[in-house]
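# Structural description and commentary
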Amino acid sequence: MALSGAHKDRELRIHESLDELSTDLADYIAELSEASVKERGVFAIALSGGSLISLMGKLCEAPYNKTVDWARWYVFWADERVVAKSHADSNYKLARDGLLFKVVKSRIISVSDTSDCPKFDLILLGMGSDGHVASLFPNHSALEETDEWVTFITDSPKPPPERITFTLPVINSASNVVVVVTGDSKAEAVHLALDDVGPDCPLVPARMVQPTTGKLVWFFDKPAASKLDGSQFSK
Ligand SMILES: O=C1O[C@H](COP(=O)(O)O)[C@@H](O)[C@H](O)[C@H]1O
């Protein structure tokens, strides 16, 4: 890993290349899966769409394709676009074709009845260049949803316009949240999400990802991390 560091209560991992990032991400997910299965017998994971799925591709390769206990995975989506399951824009189709179809042989879904929100072992998020996560976009009323686990929008600034998404209370109730961000087009949003930017700067949704008791880890490549205040990093 090129750089790692603590940023307040968050862990930041900045990688030299996408290949290195993908390997570290696969390792991290495999470790969380093993620990959750050992402790509770299941691994409840929520996926996003976009570039994240191909960055998770190493999980389909050795050793993970054999060592991860895929049958214990409960798979959910942090957001979905309102299109047919077979549509090229579908986050379900993306993950099914790019990941799950290759490794998961059974599908099991359950909902926790022990808390107000489901507590996922891991929610994986990407982030758009406007700082959106899942389908929670800047200045959108969906950011203020506190009663529902899932909400819908019909006016996404990024196509397609109709989407459903986890709300912030669900995201922030997870045991682990991982945000994976690559590319220099996202560097400004990363800065706005993580640095001490002051109240006059726009509040990006990614900044509102603050697990109540869970752990938050960001995975970057160098271009995405290029505008971060680097003083907290060590080689
Ligand atoms: O529209 C979406 O965008 C974000 C970011 O996608 P990326 O391709 O820029 O990584 C994604 O995380 C979200 O699930 C998706 O619906």
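Quick summary incoming for the structure in this document. (Residues numbered from 1 in each chain as written. Predicted model: local features only at pLDDT ≥ 70, side-chain atom pairs only at ≥ 80, totals over all residues. Heavy atoms only, no water.)

It is worth spelling out the site of the ligand at this point. Lining the immediate surroundings of the ligand are 15 residues, of which G49, S51, D79, K158 and K186 lie closest. Between the ligand and G49, the relevant distance is 2.8 Å, taken from an oxygen atom to a main-chain nitrogen or oxygen of the residue. At 3.0 Å from an oxygen atom of the ligand is found a side-chain nitrogen or oxygen belonging to H132. Relative to its unbound accessible area of 400 Å², the ligand is 91% covered by the protein chains. (Near = heavy atom within 4 Å. Polar contact = N/O pair within 3.5 Å; in protein donor to acceptor, adjacent residues only side chain to side chain. Areas by Shrake-Rupley, 256 points an atom, 1.4 Å probe, with all protein chains shown as cover.)

Core analysis: the biggest nonpolar cluster contains 43 residues, and I123, L125, W218 and F220 have the highest contact counts within it. Breaking this core down by element, the ones donating at least two residues are β2 (10-15), β3 (43-47), β4 (73-77), β6 (122-126), α5 (168-171), β9 (176-181), α6 (187-194) and β10 (215-221). The residues contacting F220, other than those within four sequence positions of it, are L12, R13, I14, H15, L21, V181, V190, L194, A225 and L228. Grouped together as the second largest cluster of nonpolar side chains are 35 residues, C60, Y92, L124 and F219 included. (Core = buried A, V, L, I, M, F, W, Y, C linked by side-chain atoms within 4.5 Å. Buried < 20%, exposed > 50% of the residue type's maximum accessible area, 1.4 Å probe, protein only. Helix = DSSP H or I, 4+ residues; strand = E, 2+ residues; numbered from the N terminus. Contact = heavy atoms within 4.5 Å.)

Applying the stated criterion across every chain yields a total of 11 salt bridges. Of the charged contacts, one joins R13 and E11 as a salt bridge, the two residues approaching to 2.7 Å between their closest N and O atoms. E11 sits in the partly exposed class, given a relative accessible area of 23%. Close ionic contact of K215 with E11 constitutes a salt bridge, the shortest N to O distance being 3.1 Å. Taken together, the residues K215 in strand β10 and E11 in strand β2 connect sequence positions 204 residues apart. Judged by its relative accessible area of 37%, K215 is partly exposed. When salt bridges with common partners are traced through the structure, they connect E11, R13, D24 and K215 into a single cluster. (Salt bridge = Lys/Arg side-chain N within 4 Å of Asp/Glu carboxyl O.)

Next up on the list: a nonpolar patch on the surface. On the surface, V82, W149, V150, F152 and I164 cluster together to form a nonpolar patch covering roughly 450 Å² of accessible area. Among the secondary structure elements, I164 is positioned in strand β8 (residues 163-166). Taking the relative accessible area as the measure of exposure, I164 reaches 38% and is therefore partly exposed. (Patch = residues over 30% accessible without salt bridge, like charges linked within 9 Å, V, L, I, M, F, W, Y side chains within 5 Å.)

Most of β10 sits out of view: six of its seven residues are buried. By the bridge criterion, five bridges tie β2 to β10 in an arrangement that is parallel. Residue pairing across strands places E11 opposite V217, the latter belonging to β10. As paired elements, β9 and β10 share six bridges and run parallel to each other. Each residue of the ladder has a partner; that of V181, found in β10, is F220. For the crossover that starts at β9, traverses α6 and ends in the parallel β10, the hand is right-handed. (Pairing = 2+ DSSP bridges. Right-handed = clockwise from strand over helix to strand, strands pointing away.)

We now examine the side chain of D195. You can see D195 is positioned in the loop between α6 and β10. One polar contact links the side chain of D195 to the main-chain amide nitrogen of D229, over a distance of 2.9 Å.

Once that is clear, we can look at helix α4 (residues 91-103). Count 3.6 residues to each turn of an α-helix, and residues three or four apart come out pointing the same way. Taking 1.5 Å of rise per residue, the 13 residues of α4 would be expected to cover 18 Å, and the 17 Å separating its terminal C-alpha atoms lies within 8% of that figure. Remark: the principal bend of α4, roughly 50°, maps to D97. Of the residues making up α4, those classed as buried are N91, Y92, A95, L99, L100 and V103. Contact partners of the buried residues in α4: β3, α2 (52-55), α3 (64-67), β4 and β5 (79-81). Capping the start of α4 is the job of one residue whose side-chain oxygen sits 3.2 Å from the backbone nitrogen of Y92: S90. (Expected span 1.5 Å × (residues − 1). Bend = angle between axes of the 7 residues up to and from the residue.)

None of this, on its own, says anything about what the molecule does.
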